[in-house]
Amino acid sequence: MMVTQEVLALSRRWLLVALRERLSLLFSVLQPAVWLVFFAGALGGAVDPRVVGTGDYIAFAVPGVIAFTVVGNGVTAAMPLLFDKETGYLDKLLSMPIRRSSLILSRFLFQTGMNAAQTLVILVVALALGFVWSPGRWGCRRSWWPRPC
């Protein structure tokens with residue numbers, strides 16, 4: 001459909017803009033992993049397992065770092081649209097025969113991809129630090145879970 005073409009074309013534009021600024025892209029993808037290494041390394045030995053609820057501080061910190069990353073990205077996701085407005089490029093986009101919702105959807109699609117990339121990097125670094133994923137008490141109630149409770 002036409003909306004799909006518009007959204008994919010605008011998402012490609014966001015990707016090209018990000019790829020042109022390689023240092024910024026590298027920093028934004030690796031920064032959450034650096035937080036994980038910093039917090040796991042600096043605080044891992046200082047936290048009482050009785051307070052955290054587990055002896056594995058990395059397992060405690062990973063969901064928090066992922067949540068912090070996604071929320072932080074959500075807060076700053078519209079900044080490039082603001083820069084386009086300041087430079088006048090947004091006016092050019094709005095004068096084209098495209099749906100205005102395509103601008104928002106394309107940014108959402110791009111930001112979702114960035115969140116996925118950052119989460120993947122966080123999980124790879126966490127696995128390298130010795131993170132072992134456990135479903136917790138709710139995971140055993142799912143019928144699709146491969147191991148017995």
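Whatever comes next refers back to the structure up there.
Residues numbered from 1 in each chain as written. Predicted model: local features only at pLDDT ≥ 70, side-chain atom pairs only at ≥ 80, totals over all residues. Heavy atoms only, no water.

### Some remarks on the nonpolar core
Counted only if it meets this: We call a set of buried Ala, Val, Leu, Ile, Met, Phe, Trp, Tyr and Cys residues a nonpolar core when their side-chain atoms join them within 4.5 Å. Residue burial is assigned from relative accessible area. The probe radius is 1.4 Å, only protein chains are included, and a residue is buried under 20% of its type maximum, exposed over 50%, and partly exposed in between. What counts as a helix is a DSSP run of H or I of at least four residues, what counts as a strand is a run of E of at least two, and both are numbered from the N terminus. By definition in these notes, contact holds between two residues if any of their heavy atoms fall within 4.5 Å.
Counting residues in hydrophobic clusters, the biggest one holds twelve residues: Ala33, Leu36, Ala40, Tyr57, Ile58, Ala61, Val62, Val65, Ile122, Val125, Ala126 and Phe131. Mapped onto this core, the elements with two or more residues apiece are α2 (22–43), α4 (57–76) and α7 (100–128). Residue contributions to this core peak at five residues, all from α4. The residues contacting Val125, other than those within four sequence positions of it, are Ala33, Leu36 and Val37. Grouped together as the second largest cluster of nonpolar side chains are six residues, Trp14, Val29, Leu81 and Met114 included.

### Side note on the pattern of salt bridges
We apply this condition: The term salt bridge refers to a side-chain nitrogen of Lys or Arg lying within 4 Å of a carboxyl oxygen of Asp or Glu.
Inspection of the entire model under this criterion finds two salt bridges. Between Arg99 and Glu6 there is a salt bridge whose closest N-O contact spans 3.6 Å. Pair noted here: Arg99 is in the loop between α6 (89–94) and α7 and Glu6 is in helix α1 (residues 2–20), with a separation of 93 residues, a long-range link. For Arg13, the salt bridge identified is with Asp84, shortest N-O distance 2.9 Å. With Arg13 in helix α1 and Asp84 in helix α5 (residues 79–87), the pair connects residues that are 71 residues apart, well separated along the chain. Classification of Asp84 as buried rests on a relative accessible area of 8%.

Keep in mind these numbers describe shape, not what the thing actually does.
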